[in-house]
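An overview of the molecular structure
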Amino acid sequence: MEHLQTKYHGTGGADTTKWEWATNIHRDTMASHVGHYTRLAYFALCENEPVARVRFNCLQAMIQPCGKPPKGADDMED
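Residues numbered from 1 in each chain as written. Predicted model: local features only at pLDDT ≥ 70, side-chain atom pairs only at ≥ 80, totals over all residues. Heavy atoms only, no water.

Helix and strand content of the chain: four helices and zero strands. In the chain, the order of α-helices and β-strands from amino to carboxyl end is α-α-α-α. A separation of at least 24 residues holds for 47% of the contacts in the chain among residues at least 6 apart in sequence. When the accessible surface of the chain is split by element, carbon and sulfur atoms take 57% of a total near 6,300 Å². (Helix = DSSP H or I, 4+ residues; strand = E, 2+ residues; numbered from the N terminus. Contact = heavy atoms within 4.5 Å. Areas by Shrake-Rupley, 256 points an atom, 1.4 Å probe, with all protein chains shown as cover.)

What follows is the structure, encoded as structure tokens:
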């Protein structure tokens with residue numbers, strides 16, 4: 001398991017927070033959507049948008065898919 005965690009960043013580890021794990025899952029999902037043209041075409045048809053717009057929206061959603069990172073215990077000393 002440790003080998004997989006070092007090889008693939010998205011598999012997480014013992015010190016991975018819930019926010020980091022969810023962010024990795026959301027980014028992987030969006031990257032998969034962008035990488036498969038037929039899926040993009042399906043989403044574009046459903047949303048009545050051009051494929052390029054759907055691709056752009058997916059790429060924009062990868063920036064901060066789960067919002068800003070939560071404050072850690074060391075950040076709350078303020």
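Don't stop here, the text continues.
Moving on: the environment of Gln64. Positionally, Gln64 belongs in the segment after helix H4 (51-61). A C-alpha to C-alpha distance of 8.7 Å links Gln64 and Arg27, two positions 37 residues apart in sequence. Those residues within four positions of Gln64 in sequence are excluded, and the remaining contacts are Arg27 and Pro69.

Further remarks concern helix H2 (residues 18-35). Here H2 is 18 residues long and its end C-alpha atoms lie 26 Å apart, about the 26 Å a rise of 1.5 Å per residue gives. Residues Ala22, Thr23, Asn24, His33 and Val34 constitute the buried set of H2. In the core, the buried residues of H2 are packed alongside helix H3 (37-47) and H4. (Expected span 1.5 Å × (residues − 1). Buried < 20%, exposed > 50% of the residue type's maximum accessible area, 1.4 Å probe, protein only.)

Once that is clear, we can look at the packing of H3 against H4. Where H3 meets H4, the axes come as close as 8 Å, and the angle between the chain directions of the two elements is 105°. What the angle tells us is that H3 and H4 run roughly perpendicular. Here Tyr37, Leu40, Ala41, Phe43, Ala44 and Glu47 of H3 come into contact with H4, specifically with Val51, Val54, Arg55 and Cys58. When grouped by side-chain class, the residues that make up the contact of H3 with H4 number eight nonpolar, no polar and two charged. (Axes fitted to C-alpha atoms, helices over the stretch in contact; angles between N-to-C directions. Parallel < 35°, antiparallel > 145°, perpendicular 65-115°, else oblique. Nonpolar A, V, L, I, M, F, W, Y, C, P; charged D, E, K, R; others polar.)

The next point concerns the side chain of His33. Here His33 is to be found in helix H2. We classify His33 as buried; its relative accessible area is 14%. At a separation of 3.1 Å, a polar atom in the side chain of His33 contacts the side chain of Arg39. (Polar contact = N/O pair within 3.5 Å; in protein donor to acceptor, adjacent residues only side chain to side chain.)

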